[in-house]
Structures are given as structure tokens and as C-alpha cells.
Amino acid sequence: ILLVAICVFLVTIKKRKPFDGFIFVLYLMLDAIMRFFMDLFRGDELVYFYSIRLSQFIALVTFICAAGALVFLYFKNKKIVPEK
């Protein structure tokens, strides 16, 4: 159900995307957030990485990488107005 909500949200903002790759990176960020919090309620996984589950750590790394890609794409596609 949460993935359907994410899909509907991304489809609604598709026309207002500021640059190419925005929708994909935003999907990665939203999916990582969803997976991080869903793993809080799982009872079958016992592999821990420091104080969080391994799957939560992977979701956290995915979110950080996607946020970095979002910043990179923003500055790469930012229009620079030349001074006169």
C-alpha cells in the first residue's frame, strides 16, 4: 500500500520535475525511508550492524547516496546566468 502511495505521489509531481533524474532519485529516497521504518516492525531478522538491523543500515546508505545524487543533479542542471 505504501509503494502505491509513493507511485501516485511521483506521478502527480512528474510534470513539475525540476530536472532529469529527479523522479528516480526521489523514489529512491522515499523507498529508503519506507524500508527503514518498516524494518522496525519486523521480527524475523537478527543480523545487526552496530545498533540497527542490516536492512535498516542499507536503507540509510541508500537514502544518503540518493540525497547526494539529488544535490549533484541539482547543481549540474542549474542554469547559470552569465554576467553582462
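Everything numeric in this text was worked out from a predicted model, so none of it was measured. (Residues numbered from 1 in each chain as written. Predicted model: local features only at pLDDT ≥ 70, side-chain atom pairs only at ≥ 80, totals over all residues. Heavy atoms only, no water.)

**A word on the confidence of the model for the chain**
Turning to step 1, where the next piece is worked out: For the chain, mean pLDDT is 87; residues scoring 70 or higher make up 89% of the total.
Turning to step 2, where the next piece is worked out: When mean pLDDT is taken per element in the chain, helix α2 (residues 22-38) scores highest with 94 and strand β1 (residues 48-49) scores lowest with 76. (pLDDT = per-residue confidence, 0-100. Helix = DSSP H or I, 4+ residues; strand = E, 2+ residues; numbered from the N terminus.)

**Examining the packing of α2 against helix α3 (residues 54-77)**
Turning to step 1, where the next piece is worked out: Running from N to C, α2 and α3 cross one another at 155 degrees; their axes reach a closest spacing of 8 Å. When the axis of α2 is compared with that of α3, the two are roughly antiparallel. For the element pair α2 and α3, the recorded crossing hand is left-handed. Here Phe-22, Val-25, Leu-28, Met-29, Ala-32, Ile-33, Arg-35 and Phe-36 of α2 come into contact with α3, specifically with Gln-56, Ala-59, Thr-62, Phe-63, Ala-66, Ala-67, Ala-69, Leu-70 and Leu-73.
Turning to step 2, where the next piece is worked out: Its residues assigned to classes, the contact of α2 with α3 shows 14 nonpolar, 2 polar and 1 charged. (Axes fitted to C-alpha atoms, helices over the stretch in contact; angles between N-to-C directions. Parallel < 35°, antiparallel > 145°, perpendicular 65-115°, else oblique. Left-handed = near helix turned anticlockwise from the far one by under 90°. Contact = heavy atoms within 4.5 Å. Nonpolar A, V, L, I, M, F, W, Y, C, P; charged D, E, K, R; others polar.)

**A short note on the pattern of salt bridges**
Turning to step 1, where the next piece is worked out: One pass over the structure, following the stated rule, counts 3 salt bridges.
Turning to step 2, where the next piece is worked out: Two residues, Arg-35 and Asp-31, come together in a salt bridge whose shortest N-O distance is 3.0 Å. With Arg-35 and Asp-31 both in helix α2 and 4 residues apart, this pair spans about one turn of that helix.
Turning to step 3, where the next piece is worked out: The exposure class of Arg-35 is partly exposed, given its relative accessible area of 45%. (Salt bridge = Lys/Arg side-chain N within 4 Å of Asp/Glu carboxyl O. Buried < 20%, exposed > 50% of the residue type's maximum accessible area, 1.4 Å probe, protein only.)

**A few points about a nonpolar patch on the surface**
Turning to step 1, where the next piece is worked out: On the surface, Val-47, Phe-49, Tyr-50, Leu-54 and Ile-58 cluster together into a nonpolar patch covering about 520 Å² of accessible area.
Turning to step 2, where the next piece is worked out: With respect to the element layout, Val-47 can be found in the loop between α2 and β1. (Patch = residues over 30% accessible without salt bridge, like charges linked within 9 Å, V, L, I, M, F, W, Y side chains within 5 Å. Areas by Shrake-Rupley, 256 points an atom, 1.4 Å probe, with all protein chains shown as cover.)

**Describing the nonpolar core**
Turning to step 1, where the next piece is worked out: Within the largest apolar cluster, 11 residues are counted, these being Ile-6, Leu-10, Ile-13, Phe-19, Phe-22, Val-25, Leu-26, Met-29, Met-34, Ala-66 and Leu-73.
Turning to step 2, where the next piece is worked out: Contributions of two or more residues to this core are made by α1 (2-12), α2 and α3.
Turning to step 3, where the next piece is worked out: A total of 5 residues in this core trace back to one element, the largest contributor, which is α2.
Turning to step 4, where the next piece is worked out: For Leu-26, the contacting residues outside a window of four places in its chain are Phe-9, Leu-10 and Ile-13. (Core = buried A, V, L, I, M, F, W, Y, C linked by side-chain atoms within 4.5 Å.)

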